[in-house]
Amino acid sequence: MRIFTATLATETNTFSPICVDRRAFEASLYAPPGKHPETPTLCSAPITVGRRLAAEKGFDLIEGTAAWADPAGLVNRLTYEGLRDEILDQLRATLPVDAVVLGLHGAMVADGYEDTEGDFLTRVRDIVGPDVLVCAELDPHSHLTAKRLAAADFFVYFKEFPHTDFVDRAEDLWRIALDTLAGRVKPAMSVFDCRMIDVYPTSREPMRSFVDKIMRMEAADPDILSISVVHGFMAGDVPEMGTKMVVLTDGKPDKGAVLARELGLELFAKRGTFIMPQINEREAVSRALAAANGPVVIADTWDNPGGGTAGDATVLLAELLTQGAKDTAVGTIWDPMAVQICMAAGEGARIQLRFGAKSAPGTGNPIDGIVKVIRLVRNAQMRFGESFAPFGDAAHIQLNGIDIILNSTRAQSFDPSLFSVMGIEPTSRKILVIKSTNHFYASFAPIASEILYCSAGTPYPNNPARTAYRRAPRDIWPMADNPHGDAQGAA
């Protein structure tokens, strides 16, 4: 048995000014055949899990290129076409194959390609023909389109947000794929459009109970192979944006359709209750300073590079300086030029530096001051579950008693190792400021005395009811009050 696997993934915030070219993939993950590391990088988990299963079960795994770029704006057309065609050429050279198992994100948009995953999957299907299994693992912060459904046999999405389960879901993907090839199951996808867009952190209620429920249903009913919530990605201005329910059954699409609708309407009935309560920067800093114990973690939720923003907003830092905060560490502010200046100055230097707030309106103003360069690290990286996330050449500076990490590769704040690798012991600080919506939670919650979610500035289009969409549907909640009509009462 011969199975081909590859990864092509990024998350596109179509409102972000940061365009993605090949260098962005090379900075995050570009691994041609034979070069993929032993640990997965989020969307490349199907490769590492497949590698282990091939060794255990004796099938031939042919690895194609793995490419992942940290979320940003529009992908350069030649970059997408080049990486796509590189993988497709590898697939052609591999034929015949019994299956194609892919790692995708689901929210990539390239110049000239509104539905890149649909384009890619359609081309894969054209190469292998109608009888070869094609499946993929995807991030739930994505778009599910008719074109993708027509091209693939089945999809499995991460269930958790933060995405702590990407390896577990890759295991599910491979289990279903191998069972299908062995003739033990016949996967059938059923989809329900929830006609809404929201944010669904599984670290809190009500989403925690909802995910626990669908996992119990999977375990209890042999007809159910997988249940996924496609959260949607509100910063992706595309026609099929929105939340979907996907139920994968063993040859029972009608049963799957009924269940997908029931679950989708249940989710819709709870709309607007999922996201974490947020406060502004003045209240966040005041509350953190008044706290009896630390570290208090302030999450700068909407300047999250994991959602495609630059990660260079200074609104929170400016407020910390205004209120005279000390014993505080900020990680990170993206400013490659400032990092270069610090690298040239060297550790221990005191220099005049302007940094931050270069990318877009709504990110605050650049910070000016005499800073001390404390530590410089080339090719810095932090942990993210079983993987590592690079944040590039980085500088730890001090300004008015505040420790600040400047980075050159955009990355959200996944883990406290972000601070420790730069010489900052995170548990020794009263306040930690991080840039992330919720992926930080699993690793920061154990050390935090309190977590404050802060909405500071407007680097991210975080209110769909007011976002100036041009392509996204307007007949979904919250743009429309009641898109299901009386059907919502059935939930």
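None of the values given here were measured: they were computed from a predicted structure.

A. Structural view of the pairing of strand S14 (residues 387–399). Counted residue by residue, S14 has 10 buried out of 13 residues, so it is predominantly covered. Looking at chain direction, strand S13 (residues 367–384) and S14 are connected through 10 bridges and run antiparallel. The residue bridging Lys 372 from the neighbouring strand is Gln 398, located in S14. In textbook terms, the turn of a hairpin is the stretch between consecutive antiparallel strands, and for S13 and S14 this stretch comprises 2 residues, one of which, Gly 385, has a positive phi near 60°.

B. Up close: the sheet that holds strand S8 (residues 224–230). The antiparallel open sheet is built from 3 strands, whose spatial order is S7-S9-S8. Bordering the open sheet on either side are strand S7 (187–193) and S8, each of which pairs with just one other strand. Strand-to-strand, the axes of this sheet are offset by a mean angle of 15°, without reference to chain direction. Here S8 runs beside strand S9 (residues 244–250); their pairing, made up of 6 bridges, is antiparallel.

C. A look at the packing of helix H2 (residues 45–57) against helix H6 (residues 166–181). Where H2 meets H6, the axes come as close as 9 Å, and the angle between the chain directions of the two elements is 50°. Judged by the inter-axis angle, H2 sits oblique to H6. Viewed along their axes, H2 and H6 form a crossing whose handedness is right-handed. Of the residues in H6, those touching H2 at Ala 45, Pro 46, Val 49, Gly 50, Arg 52, Leu 53 and Lys 57 are Phe 166, Val 167, Ala 170, Glu 171, Leu 173, Trp 174 and Leu 178. Across the contact of H2 with H6, the residue classes break down as 10 nonpolar, 1 polar and 3 charged.

D. Layout of helix H4 (residues 116–128). Between its first and last C-alpha, H4 extends 19 Å over 13 residues, near the 18 Å set by a 1.5 Å rise per residue. Counted residue by residue, H4 has 10 buried out of 13 residues, so it is predominantly covered. Within H4, the full set of buried residues consists of Thr 116, Glu 117, Gly 118, Asp 119, Phe 120, Leu 121, Val 124, Arg 125, Ile 127 and Val 128. Of the surrounding elements, those touching the buried residues of H4 are helix H3 (77–94), strand S4 (99–104), strand S5 (133–138), helix H5 (146–151) and strand S6 (154–157). At the exit of H4 stands Gly 129, carrying a positive phi of roughly 90°.

E. Quick peek at the pattern of salt bridges. Here the structure, examined in full by the defined rule, presents 38 salt bridges. For the salt bridge of Arg 125 with Asp 153, the shortest nitrogen-to-oxygen distance reads 2.8 Å. Linking Arg 125 in helix H4 with Asp 153 in the loop between H5 and S6, this pair joins segments that are 28 residues apart in sequence. On the basis of relative accessibility, which here comes to 28%, the residue Asp 153 falls in the partly exposed class. The closest approach of N and O atoms between Arg 175 and Asp 172, which form a salt bridge, is 3.5 Å. A residue pair is termed a helical-turn pair when its members lie 3 or 4 positions apart in one helix, as Arg 175 and Asp 172 do in helix H6 at 3 residues. Take Arg 175: its relative accessible area is 37%, and that puts it in the partly exposed class. Several salt bridges converge on common partners, so that one network encompasses Arg 84, Asp 85, Asp 119 and Arg 123.

F. The arrangement of the environment of Gly 423 in detail. You can see Gly 423 is positioned in the loop between helix H12 (417–420) and strand S16 (431–434). When the C-alpha positions of Gly 423 and Arg 375 are compared, they lie 7.0 Å apart, and in sequence the two are 48 residues distant.

G. Inspection of the sheet that holds S5 at higher detail. The strand order across the open sheet formed by 6 strands is S2-S3-S1-S4-S5-S6, and the pairing between neighbours is mixed. Each end of this open sheet is capped by a strand with a single partner; those strands are strand S2 (29–31) and S6. Between one strand and the next, the sheet's axes are offset by a mean angle of 20°, whatever the strand orientation. With 5 bridges connecting them, S4 and S5 associate as parallel partners. The partner of Gly 103 across the bridge, within S5, is Glu 137. Across the sheet, H2 lies against strand S1 (2–9), strand S3 (60–68), S4 and S5, angled at about 165° from S3, the strand it touches most. Packing against the sheet, H4 makes contact with S4, S5 and S6, and its axis sits at approximately 170° to S4.

Analysis parameters
- Residues numbered from 1 in each chain as written.
- Predicted model: local features only at pLDDT ≥ 70, side-chain atom pairs only at ≥ 80, totals over all residues.
- Heavy atoms only, no water.
- Buried < 20%, exposed > 50% of the residue type's maximum accessible area, 1.4 Å probe, protein only.
- Helix = DSSP H or I, 4+ residues; strand = E, 2+ residues; numbered from the N terminus.
- Pairing = 2+ DSSP bridges.
- Axes fitted to C-alpha atoms, helices over the stretch in contact; angles between N-to-C directions.
- Parallel < 35°, antiparallel > 145°, perpendicular 65-115°, else oblique.
- Left-handed = near helix turned anticlockwise from the far one by under 90°.
- Contact = heavy atoms within 4.5 Å.
- Nonpolar A, V, L, I, M, F, W, Y, C, P; charged D, E, K, R; others polar.
- Expected span 1.5 Å × (residues − 1).
- Salt bridge = Lys/Arg side-chain N within 4 Å of Asp/Glu carboxyl O.

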